[in-house]
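Structural description and commentary
One letter stands for each residue in the lines below.
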Amino acid sequence: MKVGIIGSGIVGRVLATGFLNEGHSVMLGTRNINKEDIIKWKKENDNGLLGSFQETAQFGEIIVFAVSGLAVEDAINLAGKEHLSNKIIIDTTNPIAAVPPENGVLKYFTTLEDSLMERIQKLLPDAKVVKSFNSVGNAFMYKPDFNGLKPTMFICGNDDEAKKTVTDILTSFGWETEDMGKAEAARVIEPLCILWCIPGFIHNRWTHAFKLLKK
Ligand SMILES: NC(=O)c1ccc[n+]([C@@H]2O[C@H](COP(=O)([O-])OP(=O)(O)OC[C@H]3O[C@@H](n4cnc5c(N)ncnc54)[C@H](OP(=O)(O)O)[C@@H]3O)[C@@H](O)[C@H]2O)c1
């Protein structure tokens, strides 16, 4: 598949490399292809392409949103809504506010009656948005190694076919997937990032992932 990654931070770069390793064609989208991190990524991934957000949106059959939560709307406008319609959008973003955590608890600019994913879906009503990858640190997004135990990725979204495609991608990336239903479920999947970060901020422990135990 042709995968367009909108956002070149650590999440965008890690997922871009993961998709390349799985044999997909990848364009990493950024506002500035001359950034040091991008040049280094390109040297290490010479079959990966670089482009603007718009070129990346045009290129991708599947799109990954990997920008700062506060920048999502700007990024969509730069990408061009017309280039995103009807496409699967893997939404990795979290609505982290621009204020420090309180006792290790991140602050969000959304409430429990709303989510960033639902805002994205409203901005792009024709797109098939699937929440994924937001509840784990980037070091574990691709082929997480927990001594043979597969962690769980919680996903949600309104389009069942899109969720099936994302589940297949997650399986190839080494994850077990739990489909939590429609877009409203992002109201609880997004705050999992707050929980995931607490041991990091309080004890400097960042090497964990969630698993749903089932009987
Ligand atoms: N870091 C993690 O381990 C982790 C884990 C799970 C989820 N997430 C979520 O994944 C997303 C990406 O995280 P990250 O740590 O890789 O990077 P980040 O620092 O949150 O975001 C960097 C990206 O945002 C873009 N950006 C910033 N301001 C912008 C603006 N005004 N307009 C358009 N684009 C703008 C940057 O574009 P340029 O490429 O042009 O610089 C860059 O690609 C975030 O929503 C984060 O909450 C992060």
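The structure this text deals with has already been given above.
This report concerns the structure included in the present document. (Residues numbered from 1 in each chain as written. Predicted model: local features only at pLDDT ≥ 70, side-chain atom pairs only at ≥ 80, totals over all residues. Heavy atoms only, no water.)

Buried residues dominate strand E2 (residues 25-29), accounting for four of its five residues. Relative to E2, strand E1 (residues 2-6) is paired through five bridges, and the arrangement is parallel. Across the sheet, the residue bridging to Ile5 is Leu28, located in E2. At this point the chain moves from E1, through helix H1 (residues 10-21), to the parallel E2, and the crossover so formed is right-handed. The sheet contact formed by E2 and strand E3 (residues 49-51) spans three bridges and is parallel. (Buried < 20%, exposed > 50% of the residue type's maximum accessible area, 1.4 Å probe, protein only. Helix = DSSP H or I, 4+ residues; strand = E, 2+ residues; numbered from the N terminus. Pairing = 2+ DSSP bridges. Right-handed = clockwise from strand over helix to strand, strands pointing away.)

Here we take up the nonpolar core. Ile5, Leu15, Phe19, Val64, Ile90, Phe133 and Phe173 are the most contacted members of the largest nonpolar core, which has 34 residues in total. Elements with a minimum of two residues in this core: E1, H1, E2, strand E4 (62-65), strand E5 (88-91), strand E7 (152-157), helix H6 (160-172) and helix H8 (192-203). If we ignore the near neighbours within four places in the chain, the residues touching Phe173 are Leu15, Gly18, Phe19, Glu22, Phe133, Met141, Tyr142, Lys143 and Pro144. Counting 25 residues, the second-largest nonpolar core is a separate cluster that includes Ile6, Phe53, Val67 and Phe154. (Core = buried A, V, L, I, M, F, W, Y, C linked by side-chain atoms within 4.5 Å. Contact = heavy atoms within 4.5 Å.)

Moving on, we get to the site of the ligand. If you check the shell around the ligand, you find 25 residues, and the closest are Ser8, Arg31, Lys35, Val67 and Asn138. Residue Ser8 places a side-chain N or O atom 2.4 Å away from an oxygen atom belonging to the ligand. Contacts to the ligand include Ser68, whose backbone N or O atom sits 3.2 Å from an oxygen atom. Starting from 890 Å² of accessible surface for the ligand in isolation, the protein chains cover 77%. The cavity that encloses the ligand is the largest pocket. A breakdown of the residues in the shell around the ligand according to their chemical character gives ten nonpolar, twelve polar and three charged. (Near = heavy atom within 4 Å. Polar contact = N/O pair within 3.5 Å; in protein donor to acceptor, adjacent residues only side chain to side chain. Areas by Shrake-Rupley, 256 points an atom, 1.4 Å probe, with all protein chains shown as cover. 1 Å grid on protein atoms, 1.4 Å probe; cavity = no way out; pocket = protein on both sides within 12 Å on 5 of 7 lines; lining within 4 Å. Sits in = over half its atoms within 2 Å of the grid points. Nonpolar A, V, L, I, M, F, W, Y, C, P; charged D, E, K, R; others polar.)

Residues Ile62 and Val64 of E4 are buried on one face, and the alternating residues Ile63 and Phe65, pointing to the opposite face, are buried as well. Sheet topology places E1 next to E4; four bridges connect them, and they run parallel. Note that in E4 the partner of Gly4 across the bridge is Ile63. The pairing of E4 with E5 spans four bridges and is classified as parallel. Pairing of Val64 across the sheet is with Ile90, part of E5. Read as a crossover between parallel neighbours, the route from E4 over helix H4 (residues 72-79) to E5 is right-handed.

Scanning all chains against the criterion turns up 13 salt bridges. Among the ionic pairs, Glu102 bridges to Lys107, the shortest N-O distance being 3.1 Å. With its nearest N and O atoms 2.8 Å apart, the salt bridge here joins Arg187 to Glu118. Taken together, the positions of Arg187 in helix H7 (residues 186-189) and Glu118 in helix H5 (residues 116-123) put the pair 69 residues apart, joining distant regions of the chain. Given the relative accessible area of 23%, Arg187 is considered partly exposed. Given the relative accessible area of 9%, Glu118 is considered buried. Among the charged side chains, a network of salt bridges with common partners joins Asp91, Lys131 and Glu190. (Salt bridge = Lys/Arg side-chain N within 4 Å of Asp/Glu carboxyl O.)

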